[in-house]
Amino acid sequence: MLCLAALCALVFASCKSSPRTVEGRTVIADVDPIETASVTIQLLNFLGTAVEPTVLTVSFAPRTDEALLQFKMGGNTYYLYMPENVRALVRDAAVRYNEDFAALNLDRDLSQRKSEKIYGEAEGSYMRWGLGRLAMNGEGYPKIGVGYRFEGKSPYFVITVYSAENPGYKSNWSNIEKSIKYAIYMNKAQSLALADALREENLMKALDTLPVVPYADPATYEDDYAGTGAAAEPEAEAEPEDSADAYGA
């Protein structure tokens, strides 16, 4: 039984190490995600009694036109892929949160269930998590809610990632039926920093780091090839690299 579980984990790791693609979505560049920014965020501690800082990295995934948010939580690394509709929701919500904060419009008496999604919800995200890229525990397509939560006296901007079914549970490569619900907390400056990192122009800057490959005209290539009398050995392709605010004070 143990051997079977190990084999399933090995097969899953192999599958999840392959490039992610989304049918019908434009491939901007056939390269792995490129890191573009890092933002300090807060996550609830193990006991759920306080928020603690950690680092979230933002990458651009050109194959699927997604922003990839990566961070560690509870011993696992989470990879949260955001398409444009989710990115736009987060950007707009960060601005609204900062405006509401300044105007003292954030309601301490509003239930958390309402406040955590007061700026909207969106579907379309993809998430996977595990000990690392080659040791994934599960995946899913969670709904995202954006709003705020009070922790102590401070209202934090929050991105809530709701629980989602793990397809691997039904296909027996994972014993985790669903992902957990969790929230990413940010203060005012952090929320704006993330919004800025999710702007299209800033994500697209990642493409500036790619080498420029000269275009070879097919006819010219054929002529050159015909003149050599033998096909040249193709060069091996290089593997892509992985790449409390006081309130009312």
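Remember, it's a predicted structure, so these values are computed and weren't measured experimentally. (Residues numbered from 1 in each chain as written. Predicted model: local features only at pLDDT ≥ 70, side-chain atom pairs only at ≥ 80, totals over all residues. Heavy atoms only, no water.)

**Points about the packing of helix H2 (residues 84–102) against helix H5 (residues 188–197)**
Convention followed: Axis definition: a line fitted to C-alpha atoms, limited for helices to the stretch in contact. Angles are taken between N-to-C directions and run from 0 to 180 degrees. Going along the chain from the N terminus, every DSSP run of H or I of four or more residues is numbered as a helix, and every run of E of two or more is numbered as a strand. The scheme is simple: roughly parallel for angles under 35 degrees, roughly antiparallel for over 145, roughly perpendicular for 65 to 115, oblique for anything else. Crossing handedness is read from the near helix: turned anticlockwise from the far helix by less than a right angle, it gives a left-handed crossing, and turned clockwise, a right-handed one. Whether two residues touch is decided by their heavy atoms; if any such pair falls within 4.5 Å, the residues are in contact.
Where H2 meets H5, the axes come as close as 9 Å, and the angle between the chain directions of the two elements is 155 degrees. Classified by the interaxial angle, the pair formed by H2 and H5 is roughly antiparallel. Seen along the crossing, H2 lies across H5 with a hand that is left-handed. In contact with Val90, Arg91, Ala94, Tyr97, Asn98 and Phe101 of H2, H5 contributes Lys188, Ser191, Leu192, Leu194 and Ala195.

**A look at the nonpolar core**
Note the cut-off: Nine residue types can take part in a nonpolar core, namely buried Ala, Val, Leu, Ile, Met, Phe, Trp, Tyr and Cys, and a core is a set of them joined through side-chain atoms within 4.5 Å. The rule is simple: take the accessible area with a 1.4 Å probe, protein chains only, and divide by the maximum for that residue type; under 20% is buried, over 50% is exposed, in between is partly exposed.
Counting 43 residues, the largest nonpolar core has Phe71, Met82, Ile159, Tyr182 and Ile184 as the members making the most contacts within it. Considering every element that reaches this core, the biggest residue donor is H2, with 7 residues. For isoleucine 159, the residues in contact, after removing those within four places along its chain, are Met82, Val90, Ile144, Gly145, Tyr182, Ala183, Ile184, Met186 and Leu194.

**Quick look at the environment of tryptophan 173**
Structurally, tryptophan 173 can be placed in the loop between helix H4 (167–170) and strand S10 (182–186). Note on tryptophan 173: relative accessible area 22%, which makes it partly exposed. Sequence-wise, tryptophan 173 and glycine 138 are 35 residues apart; in three dimensions their C-alpha atoms are separated by 8.7 Å.

**Examining the pairing of strand S6 (residues 126–132)**
Cut-off, in case you're wondering: Any two strands with at least two DSSP-identified bridges between them are counted as paired.
Burial analysis of S6 places 6 of its 7 residues in the buried class, which makes it a mostly covered element. The pairing of strand S4 (residues 76–82) with S6 spans 5 bridges and is antiparallel. Bridge pairing links tyrosine 79 to arginine 128 in S6. The pairing of S6 with strand S7 (residues 135–140) spans 5 bridges and is antiparallel.

**Here we look at the confidence of the model for the protein chain**
Parts of the model with low pLDDT should not have their predicted coordinates read in detail. Basically, it comes down to this: The score called pLDDT rates the predictor's confidence residue by residue, from a low of 0 to a high of 100.
Model confidence for the protein chain is summarised by a mean pLDDT of 82, while 77% of its residues fall at 70 or above. Contacts for the low-pLDDT stretch residues 236–243, under 50 throughout, to residues beyond four places or in other chains number 11 contacts.

**Examining the pairing of strand S1 (residues 34–44)**
Relative to strand S2 (residues 51–61), S1 runs antiparallel, the two being bridged by 10 bridges. Bridge pairing in S2 links alanine 37 to valine 58.

**Here we look at the side chain of serine 59**
Here serine 59 lies in strand S2. For serine 59, the contacting residues outside a window of four places in its chain are Pro33, Ile34, Glu35, Thr36, Glu66, Ala67, Leu68 and Leu203.

**Looking at the side chain of asparagine 166**
Where we set the bar: Under the rule applied, a polar contact is a pair of N or O atoms within 3.5 Å (in protein, one hydrogen donor and one hydrogen acceptor; residues adjacent in sequence only if both atoms are side-chain atoms).
Turning to its location among the elements, asparagine 166 is positioned in the loop between strand S9 (154–161) and H4. Within the structure, the side chain of asparagine 166 is placed 2.9 Å from the backbone oxygen of isoleucine 176, a separation counted as a polar contact. Leaving out residues up to four positions away in the same chain, asparagine 166 has contacts with Asn137, Gly138, Glu139, Trp173, Ser174, Ile176, Glu177 and Lys178.

**Here we look at H2**
Selection rule: Expected span of a helix: the number of residues minus one, times 1.5 Å.
End to end, H2 covers 28 Å across 19 residues, agreeing with the expected 27 Å (1.5 Å per residue, within 8%). Among the residues of H2, Val86, Arg87, Leu89, Val90, Arg91, Ala93, Ala94, Tyr97, Asn98 and Phe101 are the ones counted as buried. Where H2 ends, the next residue or the one after it, leucine 104, has phi of about 55 degrees, a positive value.

**What about the pattern of salt bridges?**
Put simply, the rule reads: Any Lys or Arg side-chain nitrogen located within 4 Å of an Asp or Glu carboxyl oxygen qualifies as a salt bridge.
Inspection of every chain in the model, using the stated rule, returns 10 salt bridges. Notably, a salt bridge pairs arginine 87 with glutamate 200, separated by 3.0 Å at the nearest N-O pair. Here arginine 87, found in helix H2, pairs with glutamate 200, found in helix H6 (residues 200–204); they are 113 residues apart in sequence, far enough to count as distant. Overall, the relative accessible area of 0% leaves arginine 87 in the buried class. For lysine 181, the salt bridge goes to glutamate 116, with nearest N and O atoms at 3.0 Å. Highlighted residues: lysine 181 in the loop between H4 and S10 and glutamate 116 in the loop between helix H3 (112–115) and strand S5 (120–122), separated in sequence by 65 residues. Judged by its relative accessible area of 1%, glutamate 116 falls in the buried class. It is possible to trace a salt-bridge network through shared partners that takes in Asp65, Glu84, Arg87, Arg91 and Glu200.

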